[in-house]
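If you want the building blocks of each chain, they are given just below.
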There are 2 protein chains.
Amino acid sequence: MEKVQGFIRKTKQREVILRVLRGTKSHPTADWVYQEVRKELPNISLGTVYRNLKILTASGEALELSYGSSYSRFDGTPENHYHFVCQRCGRVEDVPMPVDESLDRAVEQLMGVKVRQHRLEFYGLCEQCAAEQIERPERPMALRRQPVEERDQAYAH
Amino acid sequence: MEKVQGFIRKTKQREVILRVLRGTKSHPTADWVYQEVRKELPNISLGTVYRNLKILTASGEALELSYGSSYSRFDGTPENHYHFVCQRCGRVEDVPMPVDESLDRAVEQLMGVKVRQHRLEFYGLCEQCAAEQIERPERPMALRRQPVEERDQAYAH
DNA sequence: ATACCTGCAAACCTTTTGCCACTAT
DNA sequence: ATAGTGGCAAAAGGTTTGCAGGTAT
């Protein structure tokens, strides 16, 4: 039942997707990639693009700029602060570290933009999950689906 | 047609939602908030929770921890680097600033966790949008819907 | 009175999946 | 041979919205 990838095969589709991704600096959406790839492979499907984007992300050949989980989370503390996200159980914790607003000024000078705020998030394993994390698979672990129960524990108070 | 909020009325629903949000440190999802609020207001609907979460976020009484747009964006440059996101046009740009990995070690020592990476994103107005941003509404501007054409321009190469 | 709000349900939209034929190894 | 893949279309799942009746101000 558990479909675990033994090896990743080389295909035309994946090759073009990666080339398109590397060929732009625009941080495109999946749909944009789809439209681009379609110019070369008119029959490719959106599903394939998503599948390969996920594979490329899991194998470290691309980055996915998103919150990770598909839902938004809300925070009743309006003052900006940093967060730590456990990549295994999904828990989100505040980081007891002061917000460094001088970073905003630095970016403004570097890029000529107006910065209102920044968000800093750390990703890794929380104390509890790090303890349970004994084995270390050589294949990208992100390919494995996370059990729903574990994800849910993060919603508990 | 454009529904612009002139003032925000005080309602039981919004009051309870804010109280629930302030009463937890768990960075809950909208659905978790819904379940909690329902204990006090059994007839409230998920839609109302979403609507109010959005209003609270826009008025600065809560933070939304998400990427902002509903889609993921991908980046063909696997090396970690920082991003700047224009809150007006949605454009995403790389920040020419070295990644400070000592932050990861600092958080590990502060929290007793294992940090694999961090993500730092700056939000504000890009040079172009800052120039066009002449007026400054006193009501939270996030309440206003963004024209589709402007959002789309961010997908262009 | 008059906006604003709510509940409900349908609609939306991005992302995921099942199925089956195909193909790289 | 055989597991990984792709195309297609349906499904999923979080979030938004239209509507019509309520409700603060």
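First, a word on scope: everything that follows refers to the structure included in this document. All figures in this text were calculated on a predicted structure; none of them were measured in a lab.

Residues and elements named next belong to chain A. Between helix 1 (residues 12–22) and helix 3 (residues 46–58), the least distance of the axes is 10 Å, while the angle of their chain directions is 70 degrees. Considering their axes alone, helix 1 and helix 3 lie roughly perpendicular with respect to each other. Here helix 1 contributes Gln13, Arg14, Ile17, Leu18 and Leu21 to the contact with helix 3, which in turn contributes Thr48, Val49, Asn52, Leu53, Ile55 and Leu56. A class-by-class count of the residues in the contact of helix 1 with helix 3 yields 7 nonpolar, 3 polar and 1 charged.

As a further point, take the interface of chain B and chain A. At the interface, 65 residues of chain B touch 65 residues of chain A. Summed over both partners, the interface of chain B with chain A buries about 6,600 Å², with 59% contributed by carbon and sulfur atoms. Contact with chain A buries area across many residues of chain B, yet His27(B), Phe74(B) and Arg119(B) alone supply 14% of it, more than any other trio. Linking chain B with chain A are 0 salt bridges. Tallied by class, the residues present in the side of chain B that touches chain A amount to 32 nonpolar, 17 polar and 16 charged.

The subject of this paragraph is the sheet that holds strand 5 (residues 114–125) of chain B. Ordered by their spatial adjacency, 6 strands build an open sheet running 4(A)-3(A)-5(A)-5(B)-3(B)-4(B), and the pairing between neighbours is mixed. One side of each edge strand has no neighbouring strand; the edge strands of this open sheet are strand 4 (92–95) of chain A together with strand 4 (92–95) of chain B. Going from strand to strand, the sheet's axes swing by 30 degrees on average, the running direction of each strand aside. When strand 3 (residues 82–86) of chain B meets strand 5 of chain B, the two strands line up parallel, connected through 4 bridges. Note that in strand 5 of chain B the partner of Val85(B) across the bridge is Tyr123(B). Taken strand by strand, helix 4 (residues 102–111) of chain A contacts strand 5 (114–125) of chain A together with strand 3, strand 4 and strand 5 of chain B, and its axis lies near 115 degrees from that of strand 5 of chain A.

Another point: the pattern of salt bridges. Summed over the entire model, instances satisfying the criterion amount to 12 salt bridges over all chains. Among the salt bridges present, the one from Glu108(A) reaches Lys114(A), with a minimum N-O distance of 3.7 Å. Residue Lys114(A) is classed as partly exposed on the basis of its relative accessible area, which comes to 42%. As a salt-bridge pair, Arg19(B) and Glu15(B) come within 3.4 Å of each other at their nearest N and O atoms. Remark: Glu15(B) and Arg19(B) occur in helix 1 (residues 12–22); sequence separation between them is 4 residues, near one turn of the helix. For Arg19(B), a relative accessible area of 41% gives the class partly exposed. Connected through shared salt-bridge partners, Glu15(A), Arg19(A) and Glu40(A) make up one network.

So, about the packing of helix 1 of chain B against helix 2 (residues 30–40) of chain B. Residue and element names in this part refer to chain B. With their axes 10 Å apart at the nearest point, helix 1 and helix 2 run at an angle of 120 degrees to one another. In this view, helix 1 runs oblique relative to helix 2, as classed from their interaxial angle. The crossing of helix 1 and helix 2 is right-handed. The segment helix 1 lies against helix 2, with Val16, Ile17, Arg19, Val20 and Leu21 engaging Trp32, Val33, Glu36, Val37 and Glu40. For the contact of helix 1 with helix 2, a count of residues per class yields 7 nonpolar, no polar and 3 charged.

Cut-offs used in this document
Residues numbered from 1 in each chain as written. Chains lettered and ligands numbered in written order. Predicted model: local features only at pLDDT ≥ 70, side-chain atom pairs only at ≥ 80, totals over all residues. Heavy atoms only, no water. Axes fitted to C-alpha atoms, helices over the stretch in contact; angles between N-to-C directions. Helix = DSSP H or I, 4+ residues; strand = E, 2+ residues; numbered from the N terminus. Parallel < 35°, antiparallel > 145°, perpendicular 65-115°, else oblique. Contact = heavy atoms within 4.5 Å. Nonpolar A, V, L, I, M, F, W, Y, C, P; charged D, E, K, R; others polar. Buried area = accessible area lost by both parts, 1.4 Å probe. Salt bridge = Lys/Arg side-chain N within 4 Å of Asp/Glu carboxyl O. Pairing = 2+ DSSP bridges. Buried < 20%, exposed > 50% of the residue type's maximum accessible area, 1.4 Å probe, protein only. Left-handed = near helix turned anticlockwise from the far one by under 90°.

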